[in-house]
Amino acid sequence: MKKLRTVLFLAAIGMITLYSARWMPLNAASPASPAKVQASAAGAPGSSSDQAVAGGALFQANCAFCHGRDAQGGETGPDLTQSKLVAQDIAGSNIDIVVRNGRPEKGMPSFKFSDQELASLVAFVHAEKAKAESNNGRRRGVAVSDLQTGNVEAGKQYFNGAGQCSKCHSPTGDLAGIASRYQGLQLEERMLYPRDAKSKVTVTLPSGKKIVGMLAYLDGFTVGMVDASGTYRSWTLPNVKYSVDSPVDAHVKQFPKYTDADIHNLMAYIQTLR
Amino acid sequence: MKLLKSIFFLVLGATVCTLALAPRVMAQGVDAAMLLNPPADSWPTYNGEYSGQRHSKLTQITPQNVKNLSLAWAFQTNQTASIKSTPLLVDGILYFTVPDNVWAVDARSGHLIWHYHYPPNKGDHIGNRGVAMYKNWIYFMGPDAHMVSLNAKDGTMRWNIVVADSSKGYWTTEAPLVVGDHVIAGVGGDLDNLPMFVQSFDPETGALQWRWNVDSAPGLHKPITGGTTWMPGTYDPKLNLLYWGTGNPTPVLNGTARPGDNLYTCSIVALNPDTGKLVWAFQASPHDTHDWDAVETPVLVDGDFNGRPRKMLMQASRNGYFFVLDRTNGKNLLTVPYGPVNWSLGLDKKGQPIPNPAKDPAPDGRLIAPEESGVTNWRAPSFDPKTGLFLVSAHPSYSLYFAKPSDGDYGWAGADYGLWGKAAIEAIDYKTGKIRWSHEVGRNRGAGAGILTTASGVTFTGDAYGNVLALNTSDGKTLWHAGSGAPVSNSPMTYMLDGRQYVLTGSGGVLFAWALPKTGGTTMQSARSVSKNGRKPE
């Protein structure tokens, strides 16, 4: 039990680290230069709408398939008008990086646009965001208020009973304050499957020596970990034996067991953990 | 003058010698007979031949020697778009694409012969799956729902026709299919509520020969939009039937705006290729509300089913069901899920899944398996006749689906979010639908490689991490792998040239040719070829 706790704690640390790592470089972007600030006004009403129009054409050709014609989400891609990354974007400070580098881990390819093209795309996304927000009350997408159909008491029962959540989680431990850190859809997605949870791996060398670390890479041919000192190490398979301890797999096993009511009730309960 | 004459004869002599050495005396292109029985040194259609089995008769590469497979050459497109096309091979030249681009490349060395660049356009650039060829002409779809015909010799354009109005929201991504004197192509575009169709064009002039409308079921109260036809079909020459898949209805997630089954969306249809007349239809997802196209390859297999010889059609469909049909009449022989499926109430008399209304997208969300990209998608499956295995690139997955009145009844009309999925190559026993083996190729993530099997018992595919894989078809065990720097993004193909079998895979913007090392006096040319093609191909 203690071991499990430790693993969970480590997993939680890992999650936080990964989370900060993903966002920090974006948030830590240097203050926008005057030229960039000017460009950021493109999304504001009454400014360079030509730029947003040009960006719209590029968006339709390259982005709309996944993010929808109006950037409010579609096949695979998230609603950009409700994206935290877009909300914190200053004149492309966040968007440029994502478009240029892609997000291979999430299936988003990188794109080669000129600075001018990129600026127009950014203008379009900000214009669509402004449009969506002016439509408040009737807007598309998942609002926090949509996810309030569950019953707290039934959710608590599920947490401690059929859902077996309490086997690994505690409302006063790892989940304390979770609903203050995440809301709405983001909270529900994390509740169902925290995709950045870390797994522990134990590698047994031919000598019998065991090395424990956080799983960093695994395909059929190589196992990689970050060991206790923070160093990345890898081994060729099958030269070593390994075992993965992945508590998050319990979430996968739960998928076939949920009713939709279970999910809504559980969400109601989790939202009380502020 | 005399000198000139000598030069002329020398040149003539050299030309004759060169021609005599070539395996097919002259560049012959593609004709109807060749399409019915493609030679080993060709791959003249998207799936290699009409059945869609993607099963090669080549046996040089075997389970025993595949461990020696190495790089023959690589070709750099220098594009950010990944290669989703399966190259065609005709007369020693490969033709393949990414959106707006066609390359002709020497199949022996991987060096560039020509590069065609389609003019700038506003069409959807989501992908391009390759070209079709007839005689010495290439047929290529622009993102803006145009078809162009190019001269296979030099890539010059012969004509450019409009197949649908891109300003309304149509686009095209597919490799057309040539059947007889027809170049057949569908359309894409479900961001808008648009009627969909399959069309046939004259290979010489591009003139429209026929159009089959998805929205053509008798007794429809009002027009049905959607049902994109974005993947090439298959063809049975004896029955003279063309098999094509159709996509989801629109609005996509909001089904209340379009009550009923929404025929013929999410269907497998059999058409007469000469007239475009419907012969039969089977609906894989009646009244779909989850974006599950039924455009995955309708694979044609002749074999035993329940003790009777049958002409079958098999599809591992995006909605999670594996279907076996009698392809003479569309009657269902088998319907079995091959991954998690939680959206149906069972099967109807026709063997079609019955959608559960409680699993329609809703304001507070519904947990749905599979996710919207399906248990499989467009990457090609393969059928191995020896083992009776249908191999599919599978993505068991779960997701949340939402729809509410303010999402409206146009286009996507809702929202869905993938929660979890993994990737596996699954080998389905076609007689029972049971999964005989499953080889995981992506832990907590999807992969995307298509599948090729060979008569020697080797399966070629890829994993989610960038490895090209050769598996043993009988048990799924890995026989060989090579890191290619990005996940395999197309469906592999193979061919034999000068006595050497090549296997081609695309990862990111690079096309790789794999072969066994040359033996006896000939030299390895891989390293040289790679560096030669490291330059920008323009």
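In what follows, the accompanying structure is described.

1. With respect to the overall build of chain A
If you tally the helices and strands in chain A, you get twelve helices and five strands. Classification of the 274 residues of chain A by burial places 31% in the buried group. A separation of at least 24 residues holds for 63% of the contacts in chain A among residues at least 6 apart in sequence.

2. Describing the packing of helix α3 (residues 49–62) of chain A against helix α7 (residues 115–134) of chain A
All names here are of chain A. The geometry of α3 relative to α7 is characterised by a closest axis approach of 7 Å and an angle of 95° between their N-to-C directions. By the criterion of interaxial angle, the relationship of α3 to α7 is roughly perpendicular. Residues Q51, A52, A54, G55, G56, L58 and F59 of α3 form the contact with α7, whose participating residues are E117, A119, S120, L121, A123, F124 and A127. Along the lines of polarity and charge, the residues of the contact of α3 with α7 split into nine nonpolar, four polar and one charged.

3. Looking at the nonpolar core
Membership of the largest hydrophobic core comes to 135 residues, with the highest contact counts inside it found for B:Y95, B:V131, B:M133, B:I138 and B:M314. It is strand β40 (residues 510–515) of chain B that provides the largest number of residues to this core, a total of six residues. Ranked by size, the runner-up nonpolar core spans 52 residues in total, among them A:F159, A:M191, B:V252 and B:L253.

4. A word on the interface of chain A and chain B
By a frequent convention, interface size equals the accessible area lost on bringing the separate parts together. Between chain A and chain B, the residue contacts involve 40 residues of the former and 36 residues of the latter. Counting only elements with at least two residues in the side of chain A that touches chain B, the list comes to α3, α4 (64–67), α10 (184–192) and α12 (260–270) of chain A. A class-by-class count of the residues in the side of chain A that touches chain B yields 18 nonpolar, eleven polar and eleven charged.

5. Notes on α10(A)
Turning to α10(A), its buried residues number three or more, namely A:L185, A:E188, A:M191 and A:L192. Looking straight down α10(A), one finds that the buried residues subtend no more than 125° of arc, so they occupy a single side. Contacts from the buried residues of α10(A) go to α11 (249–254) and α12 of chain A together with β31 (415–421) of chain B.

The rules we used
- Residues numbered from 1 in each chain as written.
- Chains lettered and ligands numbered in written order.
- Predicted model: local features only at pLDDT ≥ 70, side-chain atom pairs only at ≥ 80, totals over all residues.
- Helix = DSSP H or I, 4+ residues; strand = E, 2+ residues; numbered from the N terminus.
- Buried ≥ 20, exposed ≤ 12 C-beta atoms within 10 Å, placed from the backbone.
- Contact = placed C-beta atoms within 7 Å.
- Axes fitted to C-alpha atoms, helices over the stretch in contact; angles between N-to-C directions.
- Parallel < 35°, antiparallel > 145°, perpendicular 65-115°, else oblique.
- Nonpolar A, V, L, I, M, F, W, Y, C, P; charged D, E, K, R; others polar.
- Core = buried A, V, L, I, M, F, W, Y, C linked by C-beta atoms within 7 Å.
- Arc of directions from axis to C-beta.

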